[in-house]
Amino acid sequence: MSQTSAPRTRTSIRSRRDPDLPTCVKALAQVHVTDGYPTNWPEQPADWLAGGSLVGAWVAELDDRVVGHVALCRSGADDVAPALWSGREGVAVEETAVVSRLFVAPGARGHGIGARLLERVVAEARELGLSPVLDVVESDTSATALYERTGWQFLGTGRQHWSPEQTVTVRCYAAPGAVVPPS
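Please read these numbers as outputs of a predicted model, since none were measured by experiment. (Residues numbered from 1 in each chain as written. Predicted model: local features only at pLDDT ≥ 70, side-chain atom pairs only at ≥ 80, totals over all residues. Heavy atoms only, no water.)

Overview of the environment of His111
Turning to step 1, where the next piece is worked out: Within the secondary structure, His111 is located in the loop between strand 4 (96-104) and helix 4 (113-127).
Turning to step 2, where the next piece is worked out: A relative accessible area of 35% places His111 in the partly exposed class.
Turning to step 3, where the next piece is worked out: Sequence-wise, His111 and Thr11 are 100 residues apart; in three dimensions their C-alpha atoms are separated by 8.0 Å.
Turning to step 4, where the next piece is worked out: If sequence neighbours within four positions are ignored, His111 has contacts with Thr9, Thr11 and Leu62. (Helix = DSSP H or I, 4+ residues; strand = E, 2+ residues; numbered from the N terminus. Buried < 20%, exposed > 50% of the residue type's maximum accessible area, 1.4 Å probe, protein only. Contact = heavy atoms within 4.5 Å.)

In structure tokens:
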């Protein structure tokens, strides 16, 4: 009796390039349908992925197909996680970077891609001398589970104002290895 082995998959993380954006948008659309992320579908999803105060962005490939994405951004004036971290550490908000736009296409899950994207973005933030933080909508339990499983440290919750008509509660985290003083 012969045994057959499952096909091996190759995963890699690399810097995002402009030609990756259409594929990222397709994966993001699948994530939006499956998980409701992002909560509000952007009018121009490629611009949403590439915009803001972007420091860098990376994609994950599974067998040479782009299946995941993460970005690192400078903190905005109303970002809750940098403010929590800054207040606890006594450092300027400018010394933080926000991990954002993290997603993995539903068909590519189970390969550790989300964790690898997080590792890459944390390494980049630290190379730049920045403390990586993130926030997640309180109702997004699958993302929360990923962050906690990969060692991100809970900072607290806060209210994030997305627009004059929309305020959400977010859970805020600091990257693994950060010293989080008791609240």
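A word on unusual backbone geometry
Turning to step 1, where the next piece is worked out: Of note, the bond from Tyr37 into Pro38 is cis; its omega dihedral lies within 30 degrees of zero at -5°.
Turning to step 2, where the next piece is worked out: Relative to the helices and strands, Pro38 resides in the loop between helix 1 (21-35) and helix 2 (45-50).
Turning to step 3, where the next piece is worked out: One non-glycine residue, Asp63, lies in positive phi territory at about 50°.
Turning to step 4, where the next piece is worked out: Assignment of secondary structure puts Asp63 in the loop between strand 2 (54-62) and strand 3 (65-74).
Turning to step 5, where the next piece is worked out: The exposure class assigned to Asp63 is partly exposed, which follows from its relative accessible area of 33%.
Turning to step 6, where the next piece is worked out: Of note in this structure, Asp64 is not a glycine but carries a positive phi near 70°.
Turning to step 7, where the next piece is worked out: The exposure class of Asp64 is exposed, given its relative accessible area of 53%.

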